[in-house]
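So the chains spell out like this:
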Amino acid sequence: MTPAESVQPVQPVLLTSCLTRAFRTKGGPVEAVRGIDLSVGRGEILGFLGPNGAGKTTTLRMLTTLLTPTAGSATVAGHDLTEDPAGVRRKIGYVAQSGGVDPNVPVREELVTQARFYRIPKAEAAARAEELAARLGLSALLDRKCASLSGGQRRRLDIAMGLTHRPEILFLDEPTTGLDPGSRAELWDLIRTLNDELHTTVFLTTHYLDEAEALAGRLVIVDRGKVAAEGTSEALKAEYGGGPGATLQETFIAITGHGSAAGRGTGAPVAV
Amino acid sequence: MSHLITDTGVVFGRYTRQMLGSRVALLFGLLQPLLFLVLFGPLLEDVPLGGSGDSWQTLVPGLLVQLGLFSSAFAGFGILMEKNTGVIERMRVTPVSRLALLLGRILCDVLQLLAQALVLVVTGMAFGLRAPVAGVLLGFLFVGVLAMSLASLSYALAMHVSTPQEFAPVVNAVNLPAMLLSGILLPMALAPAWLDAVSHFVPFRYLVDAVRAAFVGDYGSGSVAVGALVAVVMASVSMALGTHFFRKAGA
């Protein structure tokens with residue numbers, strides 16, 4: 001799962017330079033992201049990891065146009081993030097951790113309206129909804145309300161929503177959090193298939209190291225608002241973990257110096 | 001521009017289908033003015049109200065404005081729920097026009113209000129309301145513009161707060177005094193001088209006066225013209241504010 005050619009992305013589809021976001025708080029400005037440089041190659045699955053509060057979500061929100069960077073720049077799918085956010089929106093799909101479907105609305109309605117938001121004509125939007133539902137195993141559920149879906153089905157619908165316009169990059173924010181092992185395995189297969197068959201670049205954040213290792217060709221580990229390390233999991237283990245026999249968990253702790261900001265020194269289970 | 005129109009249509013369609021799917025909620029919004037009409041209206045039949053026209057021509061216009069005031073001011077509640085489910089954020093990542101996200105919702109609110117207004121007027125007629133058709137239509141126009149203004153402000157507020165607990169007190173703090181001071185239930189002609197003076201600072205008062213004038217067919221009087229002016233100013237200011245806040249929060 002770690003193809004050597006993805007180590008050096010040749011054709012970046014996402015490039016950031018010193019991307020920074022500061023928040024004003026009562027105690028003065030806080031820099032959540034302090035100059036992140038990233039390069040994601042076309043067709044890559046990138047695992048974006050870091051302890052809680054490291055700046056993962058803030059970075060993701062900037063790259064998906066939800067938050068304006070306070071400094072630095074980024075090009076996403078050929079469009080400048082600050083100059084042309086509308087251009088970026090046309091080319092990316094984003095699946096938030098909380099999903100984003102209305103529980104009272106039928107599945108088909110959500111899929112068709114989502115396609116219409118991307119200005120896909122009516123007839124085509126309806127066809128896309130059918131096609132996506134078939135690909136993601138949701139065909140039998142099209143006329144049910146979103147509220148009636150199981151956790152795994154809901155997650156597949158969330159991903160379908162992010163794919164209606166065939167985006168170049170799909171951003172997945174902790175896609176398997178809260179899923180049972182069976183649904184997790186299904187979702188992993190789905191993400192691999194999307195990447196293989198549609199050549200969609202996947203930018204994935206996760207708290208599960210096994211997930212990152214199983215899916216991502218390359219890992220970027222952020223800590224305290226900066227990139228702390230990046231490379232394949234093998235390379236990271238060799239460099240930071242003390243050898244190829246090291247686990248990714250040992251490596252991760254060696255890089256960030258702690259499991260999570262909250263669990264530091266408490267002996268709590270490591271949640272990345 | 002063509003994107004704005006298509007996008008607004010898509011947003012309008014989404015919320016209209018949701019609205020039609022919850023007809024109970026539609027009736028619920030109508031409940032309060034209908035109760036006033038049925039249980040309070042008959043009390044006024046023989047009371048001198050100081051205006052032209054009979055008591056129904058005084059009360060029904062007031063109830064129409066009340067309907068507009070309450071249903072539109074709480075329009076933002078929907079956004080609070082959509083924020084919780086992540087729907088707002090999901091829409092913000094699509095290229096859909098930010099203005100269309102606001103306009104589509106507002107148009108749906110206006111449509112809902114007009115349907116409710118029609119039920120209210122027809123019920124009023126059963127109780128003895130008589131008014132010229134043109135006057136009633138003019139009244140609907142006023143209430144529609146009022147609804148646009150208030151819904152726009154309500155959505156702007158909802159984009160800024162995160163819980164119903166923050167949202168509802170603000171709306172109530174504005175709505176109740178506005179309702180009492182605009183002479184919705186009883187005309188301000190009955191008020192002592194000081195109360196009448198205060199009520200002149202409440203823009204809704206002019207709308208109530210205008211709709212009452214329209215319901216007695218008195219289109220040429222100053223009331224309709226002043227009401228129209230107030231409605232246009234109110235709509236322009238609220239829409240400008242609403243769009244600004246909606247864009248800012250939804251950048």
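Our structure's up above, just so we're on the same page.
Here is what the cut-offs are and how they apply
Residues numbered from 1 in each chain as written. Chains lettered and ligands numbered in written order. Predicted model: local features only at pLDDT ≥ 70, side-chain atom pairs only at ≥ 80, totals over all residues. Helix = DSSP H or I, 4+ residues; strand = E, 2+ residues; numbered from the N terminus. Rg over C-alpha atoms; globule rule 2.2 N^0.38 Å. Buried ≥ 20, exposed ≤ 12 C-beta atoms within 10 Å, placed from the backbone. Contact = placed C-beta atoms within 7 Å. Pairing = 2+ DSSP bridges. Axes fitted to C-alpha atoms, helices over the stretch in contact; angles between N-to-C directions. Expected span 1.5 Å × (residues − 1). Core = buried A, V, L, I, M, F, W, Y, C linked by C-beta atoms within 7 Å.

Asks: What is the right way to read the overall build of chain B from this model?
Replies: Helix and strand content of chain B: eleven helices and zero strands. In chain B, the succession of helices and strands from N to C terminus is α-α-α-α-α-α-α-α-α-α-α. Whereas a compact globule of 251 residues would reach a radius of gyration of roughly 18 Å, chain B reaches 18 Å, a difference of no more than 12%. By its C-alpha atoms, chain B is 60 × 35 × 35 Å across when sized along the principal axes. Buried residues in chain B amount to 45% of all 251 residues. For chain B, long-range pairs separated by at least 24 residues make up 82% of all intrachain contacts whose partners lie at least 6 apart in sequence.

Asks: Sorry if this is basic, but what is going on with the sheet that holds strand β3 (residues 45-49) of chain A here?
Replies: The strands making up a sheet associate through hydrogen bonds between their backbones, and the pairing can be parallel or antiparallel. All names here are of chain A. Strand order in the open sheet formed by six strands is β6-β7-β8-β3-β9-β10, and the pairing between neighbours is mixed. Strand pairing shows two members of the sheet lacking a second neighbour, β6 (92-95) and β10 (226-231), which therefore form its edges. Adjacent strand axes in the sheet meet at a mean angle of 15 degrees, parallel and antiparallel pairs treated alike. The pairing of β3 with strand β8 (residues 201-205) spans four bridges and is parallel. Paired with phenylalanine 48 across the bridge in β8 is threonine 205. Lying over the sheet, helix α9 (residues 248-256) contacts β3, β9 (218-223) and β10, oriented at roughly 40 degrees with respect to β9.

Asks: What exactly am I supposed to notice about unusual backbone geometry here?
Replies: What you tend to see is this: most non-glycine residues have negative phi, and most peptide bonds are trans. Residues and elements named next belong to chain A. The phi torsion at threonine 65 lies on the positive side, around 70 degrees, for a residue other than glycine. Structurally, threonine 65 is set in the loop between α1 (56-63) and β4 (71-76). Of note in the backbone geometry, arginine 119 takes a positive phi value of approximately 60 degrees without being a glycine. Mapped onto the elements of the fold, arginine 119 is located in the loop between α3 (107-117) and α4 (122-135). The partly exposed category is assigned to arginine 119, around which 17 C-beta atoms lie within 10 Å.

Asks: Quick question: what am I supposed to make of the interface of chain B and chain A here?
Replies: Where the parts come together, the accessible area they lose is often given as the size of the interface. Listed per partner, the contact involves 18 residues of chain B and 23 residues of chain A. Every element with two or more residues in the side of chain B that touches chain A is listed here: α1 (2-21) and α5 (87-92) of chain B.

Asks: I would appreciate a short explanation of helix α6 (residues 98-127) of chain B in the present structure.
Replies: Side chains three or four residues apart in an α-helix point the same way, a direct result of the helix having 3.6 residues per turn. For α6(B), which comprises 30 residues, the first-to-last C-alpha distance of 44 Å matches the rise-based estimate of 44 Å (1.5 Å per residue) to within 8%. B:Gly128 sits one or two residues past α6(B) and shows a positive phi near 125 degrees.

Asks: Quick question: what am I supposed to make of the nonpolar core here?
Replies: Proteins that are soluble and globular tend to have nonpolar side chains buried together. Ranked by internal contacts, the top residues of the largest apolar core, which has 68 residues, are B:Val65 and B:Leu207. Here this core takes 17 residues from helix α7 (residues 133-160) of chain B, the largest share from any one element. Setting aside residues up to four positions removed in sequence, B:Leu207 forms contacts with B:Val65, B:Phe142, B:Leu146, B:Gly227, B:Val230 and B:Ala231. Within the second largest apolar cluster, 66 residues are counted, among which are A:Ile36, A:Val40, A:Leu194 and A:Val202.

Asks: Just to check I follow, could you spell out the environment of B:Leu99 for this structure?
Replies: All names here are of chain B. Inspection of the secondary structure assignment puts leucine 99 in helix α6. Taking the C-alpha atoms as reference points, leucine 99 and glycine 50, separated by 49 residues in sequence, lie 44 Å from one another. Apart from the residues within four sequence positions on either side, leucine 99 is in contact with Leu4 and Thr243.

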